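# Report on the structure
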Amino acid sequence: MFRQSKVEYKNNQQIRTMRKAGLVLSAALDEAVAAAAVGVTTRELDGVFAGVLKASGATSNFLGYHGFPASICASVNHEVVHGIPGDYVLQDGDILSIDGGAIVDGWHSDSARSVIVGQARPEDQRLSDATEAAMWHGIAALAGGRHVGDIGNAIDDYVSGLDGEPLGILQDYVGHGIGTAMHQPPDVLNYRSGHRGPKIRPGLCLAIEPMLVLGGLETTLLDDDWTVVTTDGRRSCQWEHTVAVHDGGIWVLSAEDGGASRLEPLGVTPVALS
């Protein structure tokens, strides 16, 4: 995990193209999240998401990736990541993480959101809110940090500082670089490790994606060779954004407002490239 592989740094025009992919992805996730309701199948959500990409002239970077059969990962309740959309009918109180990506002119974006279907259990709402907030704390650390490892430090500090029942940060699945491919160096850890990682400098583009759980950290891979579940059956949650560093600051490429509404309260003002 800690091997120093070559990082792909982007110029401003390439970041602008990644922003186009991020906006298409944001719109597709908007539609998929809005369609997530009691009685809807996860396969139907995949169709909604794919339809937005097609109408926008973008393609999915999930569909066909190492044989993955859909345009989104739809992970429900104890499913951590890589859930395959299918015949599962969403139930009242389900917590659903929708992870998707888009490609525009060869440049990638990757983002995930969680939604609670129907009536939320308080512990599930807390889990989702905490995971989302942890992501934003990690993104804010990218703006002021020196090394990529500062992101994981900030996420870990936020989660460990929460009041109430402790939440677990999964360590087996981490964020990553992104650009001409969906998964690139460097790894972006969501926890303190003592590993600093590469320096943060203009041209760095990352997918920051903490995954938190209500119970233990042990996970199991199901027989479909994709779906990862918590071994103890407790619930999990994922949030993710694609973020670029440039000479003027950071820009959340997969957030419609560039991240302003969530970063400014943390003392960070994202900067768009004109």
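Quick note: structure is the one above.
Anyway, here's the lowdown on the structure attached to this text. Once a new chain begins, its residue numbering starts again from 1 and follows that chain's sequence as written. With pLDDT at 70 or above as the cut-off, local features in this predicted model cover only qualifying residues; side-chain atom pairs require 80 or more to be listed or tallied, and sums for whole chains, interfaces and linings still use all residues. Each side-chain value is derived from all of the structure's non-hydrogen atoms; neither hydrogens nor water enter the calculation.

Relative to the assigned elements, valine 48 resides in helix α2 (residues 42–56). Two residues form a contact once any of their heavy atoms are found within 4.5 Å. When neighbours within four sequence positions are excluded, valine 48 is seen to be in contact with Glu31, Ala32 and Ala35. Each helix is a run of H or I in the DSSP string that is no shorter than four residues. Each strand is a run of E no shorter than two, and both are numbered from the N terminus.

Proline 185 connects to proline 186 through a cis peptide bond whose omega is 5°. Within the secondary structure layout, proline 186 lies in strand β7 (residues 184–188). One non-glycine residue, histidine 82, lies in the positive phi region at around 65°. Take histidine 82: it is sitting in the loop between β2 (79–81) and β3 (95–104).

What follows deals with the layout of surface pockets. A volume near 150 Å³ is recorded for the second largest pocket. Lining the second largest pocket we find 18 residues, and of these Arg113, Trp136, His241, Ser254 and Ala255 sit closest to its centre. Among the elements of the structure, α1 (12–35), β4 (107–116), α3 (122–144) and α5 (260–263) are those that each provide at least two residues to the lining of the second largest pocket. Its residues assigned to classes, the lining of the second largest pocket comprises 5 nonpolar, 6 polar and 7 charged. Any residue with an atom within 4 Å of a point lines the site, the site being either a cavity, points on a 1 Å grid over the protein atoms alone where a 1.4 Å probe fits but cannot get out, or a pocket, an open set with protein on both sides within 12 Å along at least 5 of 7 lines. Grid points are joined across faces, edges and corners, and a volume is the space filled by probe spheres set on the points. Note on residue classes: Ala, Val, Leu, Ile, Met, Phe, Trp, Tyr, Cys and Pro are nonpolar, Asp, Glu, Lys and Arg are charged, and everything else, Gly too, is polar.

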